[in-house]
Amino acid sequence: NNLGIFSCLAKMAPKTSTVRVRYIEGVDEFEITAKTTGLELFQEVIGKLGLTAAPFFNLQYVDAKDCLAFIKPDKKVLSHDLKKEKGVMHEFDLQAQFFPELVDEELTHPVIQRLFWQQIRKSISTDECYCPPELCVLFAAQSMQALHGDFDPVAHADQVHAERELPRRVAEQHSLTQEEWSQRIKNAWATLRGMPQEQAIMDYLNIAQDLEQYGVTYFEITNKKGTKLWLGVHNMGMDIYQWNNKVTPRLGFPWTEIKNICFDDKKFTIKMVDPKAPDFKFYSSRFKVNKRILALCVENHKMYVERRRQQMAGEGMFEDRAAVEEKIRRTREQLQAIRQDLQSVKDATKVTQEDVIHEQQQAAGMNKYKTMKKAQSGDARKRIQDFEELEDAEC
């Protein structure tokens, strides 16, 4: 009978679960089954954004031990070690897992540009990525231009919320009210008149990619002596940071020097290209975190090699160098004006160690790339020896 048929069909139908996916600008819910893979969910998510591909991005989740992780494309979504709470829907965040070296060349789709910009913007406003005060103000102004277009003192009188745009550190270091901060952001915003909104996003990202902590994923590690250190994995290689300084790398190893990476339980072994160099070994206590370190290193290395292949083949865009130099000059002038304005209301007693390090680097004429080169100086054997000799007193 019909009831029997419907009952049979109901038993055959796969059981579905609803999961929530957060974007920087919104939330959507998706129905999945026990057989839905990470790739299938990811494709459905980006499809809703009008995309057929989203390089650099993946779905991030919190695992059962409250650690952040990314889904594996070929693994069933519900087979991941998802945090389970009774009556609470599984949640994922669409996040960049990898970072481009040159945003102008590698971020070509407007939706991807906007997603990436919003993620970097959040990391700066929450102080996850260190940014000096004057640049925070300029970034806030560029964000307003990107969101609202040219500044209108009447229409945009209440549009600037400084507490959302600036890190708390910056606000607390200066004797300014929220209204006074908002006015400074508006002043900088007004100087961007005529700039297309899409260009404001890319100008923001072109500056942000030169920040010391841009695109660095940090992991707690130790050397053989047990010294607590940070491992920073990024698109150019891996760096070692002192425990009390995640801004300036102490030692660096570019991908060009690294031949192979593997781990056994808590110990990582990195074999170098130089046959005379000893193995570079460090320790990390959590097995699942170690799997993530390995996957991140392998994929970043693969992307690095592919970028170099494209460069050798003459692929990629060629920028108008004169236009770039003019933009750099104009940005420096803007930052200098903002810096001078903030200097008179700065509370020197609230300067953080990151601020001090940044000031020292600036005074020495250093930038992200010079610092990276310095950390990579000397042969690999010497750097590996230096790593093994690091002690807590130095860090």
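Going by the structure above, here's the rest.
Here we summarise the structure given alongside this text. Here the structure is a predicted model, which is why all the values come from computation and not from measurement. Throughout this document, residue positions are counted from 1 along each chain, in the order its sequence is written. The predicted origin of the model limits local features to residues at a pLDDT of at least 70 and limits the giving and counting of side-chain atom pairs to 80 or more, whereas totals for whole chains, interfaces and linings rest on all residues. Side-chain numbers here rest on the full set of heavy atoms in the structure, without hydrogens or water.

**Remarks on the nonpolar core**
Part 1 of the reasoning: Ranked by size, the top nonpolar core spans 97 residues in total, and within it F57, F92, F116, L205, M238, I240 and F280 carry the most contacts.
Part 2 of the reasoning: Helix and strand assignments follow DSSP, with helices taken as H or I runs no shorter than four residues and strands as E runs no shorter than two, numbered in order from the N terminus. Per element, the largest residue contribution to this core is nine residues, and it comes from helix α5 (residues 133-148).
Part 3 of the reasoning: Contacts between residues were defined by any pair of non-hydrogen atoms, one from each residue, lying within 4.5 Å. Excluding residues that lie within four positions of it along the chain, F92 makes contacts with V19, R20, V21, R22, L41, L59, Q60, Y61, I71, V77 and L82. What is meant by a nonpolar core is a set of buried Ala, Val, Leu, Ile, Met, Phe, Trp, Tyr and Cys residues, joined one to another through side-chain atoms within 4.5 Å. Think of it in three bands: residues with accessible area under 20% of the maximum for their type are buried, residues over 50% are exposed, and the middle band is partly exposed, with areas taken using a 1.4 Å probe on protein chains only.

**A few points about empty space enclosed by the protein**
Part 1 of the reasoning: Points on a 1 Å grid, built from protein atoms alone, make a cavity when a 1.4 Å probe fits but cannot get out and make a pocket when they are open with protein on both sides within 12 Å along at least 5 of 7 lines; residues with an atom within 4 Å of a point are the lining residues. Grid points are joined across faces, edges and corners, and a volume is the space filled by probe spheres set on the points. Here the structure, examined in full by the defined rule, presents five cavities of 30 Å³ or more.
Part 2 of the reasoning: In this structure, the largest cavity occupies an estimated 110 Å³ of space.
Part 3 of the reasoning: Along the wall of the largest cavity there are 13 residues; nearest its centre are E212, D239, Y241, K368 and M372.
Part 4 of the reasoning: Of all the elements, helix α13 (residues 368-375) adds the most residues to the lining of the largest cavity, at three residues.
Part 5 of the reasoning: Residues are sorted three ways: Asp, Glu, Lys and Arg are charged, Ala, Val, Leu, Ile, Met, Phe, Trp, Tyr, Cys and Pro are nonpolar, and all the rest, Gly among them, are polar. When the residues that make up the lining of the largest cavity are grouped by side-chain class, the tally is seven nonpolar, three polar and three charged.

**Considering the packing of helix α4 (residues 110-125) against α5**
Part 1 of the reasoning: Where α4 meets α5, the closest approach of the two axes is 12 Å, and the angle between their N-to-C directions is 145 degrees. For α4 against α5, the interelement crossing comes out left-handed. When α4 is examined against α5, the residues R114, W117, R121 and I124 are found in contact with a partner set consisting of C136, F139, S143, M144, A146 and L147.
Part 2 of the reasoning: When the residues that make up the contact of α4 with α5 are grouped by side-chain class, the tally is seven nonpolar, one polar and two charged. To get an axis, a line is fitted to the C-alpha atoms, and for a helix only the part in contact is used. The angle between two axes follows their N-to-C directions and goes from 0 to 180 degrees. Crossing chirality is assigned from the near helix's rotation relative to the far helix, an anticlockwise turn below a right angle marking it left-handed and a clockwise turn marking it right-handed.

**Looking at the state of the cysteines**
Part 1 of the reasoning: By disulfide we mean two sulfur atoms from cysteines, separated by a distance within 2.5 Å. This structure, assessed with the given rule, holds zero disulfides.
Part 2 of the reasoning: Between C136, a cysteine without a disulfide, and C131, which holds the nearest cysteine sulfur, the sulfur-to-sulfur distance is 3.7 Å.
Part 3 of the reasoning: The thiol of C297 is not disulfide-bonded; the next cysteine sulfur, from C262, is found 12 Å away.

Coordinates in, geometry out; function isn't part of it.
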